[in-house]
Amino acid sequence: MNVLLTGGAGYIGSHVARVLAAAGHRCVAYDSLVKGHRQAVAGELVVADVADGQALRQALRRHAIEVVIHLAAFIEAGESVAQPGKYFQNNVLGAWTLLEAMRDCGVSKIVFSSTAAVYGQPSRLPIEEADALAPVNPYGASKVCVEYMLRAYAEAHGIGCVSLRYFNVAGADPAGDIGEAHEPETHLVPRVLQVALGAAAAVEIFGDDYDTPDGTCIRDYIHVTDLAAAHVLALGAIRASQVRVYNLGNGEGFSVKQVIQTCRQATGHPIPAKVAPRRAGDPLRLVASSAKAAAELSWRPKFPDLATIVEHAWAWHRNHPRGYA
Ligand code: UFG
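Note that the structure is predicted; figures quoted are calculated from it, not measured. (Residues numbered from 1 in each chain as written. Predicted model: local features only at pLDDT ≥ 70, side-chain atom pairs only at ≥ 80, totals over all residues. Heavy atoms only, no water.)

J.: I'm lost on the sheet that holds strand β6 (residues 160-166) in this one. Help?
T.: Hydrogen bonds along the backbone pair up the strands of a sheet, which may run parallel or antiparallel. Across the sheet, which stays open at both edges, the 7 strands sit in the order β3-β2-β1-β4-β5-β6-β11 with parallel pairing between neighbours. Each edge of the open sheet carries a strand with a single partner, namely β3 (44-47) and β11 (243-248). With direction set aside, neighbouring strand axes in the sheet form an average angle of 20 degrees. Seen against the sheet, helix α7 (residues 224-235) touches β1 (2-6), β4 (67-70), β5 (109-115), β6 and β11 and runs at an angle of roughly 165 degrees to β6. (Pairing = 2+ DSSP bridges. Helix = DSSP H or I, 4+ residues; strand = E, 2+ residues; numbered from the N terminus. Axes fitted to C-alpha atoms, helices over the stretch in contact; angles between N-to-C directions. Contact = heavy atoms within 4.5 Å.)

Take a look at the structure:
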């Protein structure tokens, strides 16, 4: 299929592009390069913003796009608490602009990058797709807004959508030439590995007084290549006028301290850690049930264990200590 991949120069986007190409799809990346990296794109790239409806229409028509995979968004939960407007504008208005452009151009299929943050602080684990949506930060709220918008467009205009709710994405393509490179970096695994590279003296643990076994927050980590593979499977699951939703995680929770320990083992570096205040908008525990993705998409993660995820991340960071710079 001809696929327009918004956010295609980003961390997840570059991995999705690679898996799409390997599966025989034609992928056109669409990225403003505000956060993305030109060097992460192997194929075609349109440099434009998702807020630019005209550029979107042009890209959809020029490349005879049949389906859009929409990843372009701001993604930092902590930042979204301080700057909610930035998140609602980029994430919600961006998705609305895209949907209107798709309607104008007769493109009726979309895969949407959603998030575990839509659940907020879940009342039970593992989280299933039908569980309550109750985001605890504006980032999660912006993604909930888009999911509601997609439902309305599905019903009114026949758009078919698969919404993938990512848990904590980490790791890098095993080939070692693409990986995570955010500026500034806020995510746990790369921040811990930066200490092993000597870029920081110690990693901060944002709160060790949570109601968890070791006092630190628990997340479900998923390898970026496994996550990318789910997008290709999702293409075959799109049905007109439906929004299908799938969690993508490995079903196992790891605390911040456990992640740091796994990084120490992978790097052989002592990685000093110090406790810092809690970060605003952090849910305590997020663990996925991905049974629905396994059953309906036949999704089978290849790299489910945290040690492998960290090993691949470490291979990337060790060989690219300055990211794509
Ligand atoms: N953390 C630290 N120190 C750091 C960085 C993070 O203690 O230097 C902690 C955070 O407080 C949190 C955990 O590590 O408890 C994970 O934090 P990340 O920033 O790596 O990831 P988040 O869980 O905040 O969010 C990520 C993505 C979101 C996605 C979410 C899904 O950024 O887009 O996972 O669970 F929605």
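On we go from here.
J.: What is the right way to read the site of the ligand from this model?
T.: Around the ligand, the structure places 22 residues, and the nearest of them are Thr 115, Asn 168, His 187, Arg 279 and Asp 282. At 3.2 Å from an oxygen atom of the ligand is found a main-chain nitrogen or oxygen belonging to Ile 75. Measuring from an oxygen atom of the ligand, one finds a side-chain N or O atom of Arg 219 at 2.7 Å. In isolation the ligand offers 680 Å² of accessible surface; the protein chains occlude 94% of this area. Of the residues forming the shell around the ligand, the biggest block, 3 residues, is contributed by strand β8 (residues 203-206). The class makeup of the residues in the shell around the ligand is 13 nonpolar, 4 polar and 5 charged. (Near = heavy atom within 4 Å. Polar contact = N/O pair within 3.5 Å; in protein donor to acceptor, adjacent residues only side chain to side chain. Areas by Shrake-Rupley, 256 points an atom, 1.4 Å probe, with all protein chains shown as cover. Nonpolar A, V, L, I, M, F, W, Y, C, P; charged D, E, K, R; others polar.)

J.: Explain the nonpolar core here, please?
T.: Looking at soluble globular proteins, one finds that nonpolar side chains tend to be buried together. Within the largest apolar cluster, 31 residues are counted, with the highest numbers of intra-cluster contacts made by Leu 4, Tyr 30, Leu 60, Val 68, Met 102, Ile 110 and Leu 150. Listing elements by their share of this core, those giving two or more residues are β2 (26-31), α2 (53-62), α4 (84-105), β5, α5 (138-157) and β11. Among the elements that take part in this core, α4 stands out by supplying 6 residues, more than any other. Contacts of Met 102, omitting those with residues within four sequence positions, involve Leu 60, Val 68, Val 107, Ser 108, Lys 109, Ile 110 and Ile 159. (Core = buried A, V, L, I, M, F, W, Y, C linked by side-chain atoms within 4.5 Å. Buried < 20%, exposed > 50% of the residue type's maximum accessible area, 1.4 Å probe, protein only.)

J.: What is the right way to look at the pattern of salt bridges in this model?
T.: By the definition in use, this model includes 14 salt bridges. The residue Asp 104 makes a salt bridge to Arg 57 at a minimum N-O spacing of 2.7 Å. Remark: Arg 57 occurs in helix α2 and Asp 104 occurs in helix α4; sequence separation between them is 47 residues. In this structure, Glu 79 engages Lys 86 in a salt bridge whose closest nitrogen and oxygen atoms are separated by 3.1 Å. The network of salt bridges with shared partners includes Arg 18, Asp 173 and Asp 177. (Salt bridge = Lys/Arg side-chain N within 4 Å of Asp/Glu carboxyl O.)

J.: Help me understand the pairing of β5, please; the structure alone is not making it clear to me.
T.: In regular strands, side chains alternate between the two faces of the sheet. Counting buried residues along β5, 6 of its 7 residues qualify, which places the element largely inside the surrounding structure. Of the strand pairs in this sheet, β4 and β5 are connected by 3 bridges, and their pairing is parallel. Bridge pairing links His 70 to Phe 112 in β5. One ladder, built from 7 bridges, connects β5 with β6; its direction is parallel. Note on β6: the bridge partner recorded for Ile 110 is Cys 161.

J.: For this particular structure, what's the right way to read the packing of α4 against α5?
T.: Helix-helix packing is described using two parameters, namely the angle between the two axes and the distance between the axes. Where α4 contacts α5, the two axes come as close as 9 Å, and the packing angle between them is 20 degrees. Relative to α5, the element α4 is oriented roughly parallel. Every pair of crossing elements has a handedness; the one defined by α4 and α5 is right-handed. For the pair α4 and α5, the contacting residues are Pro 84, Tyr 87, Phe 88, Asn 91, Val 92, Ala 95, Trp 96, Leu 99, Glu 100 and Arg 103 in the first and Pro 138, Tyr 139, Ala 141, Ser 142, Cys 145, Val 146, Met 149, Leu 150, Tyr 153 and His 157 in the second. Here the contact of α4 with α5 is built from residues that sort into 15 nonpolar, 3 polar and 2 charged. (Parallel < 35°, antiparallel > 145°, perpendicular 65-115°, else oblique. Left-handed = near helix turned anticlockwise from the far one by under 90°.)

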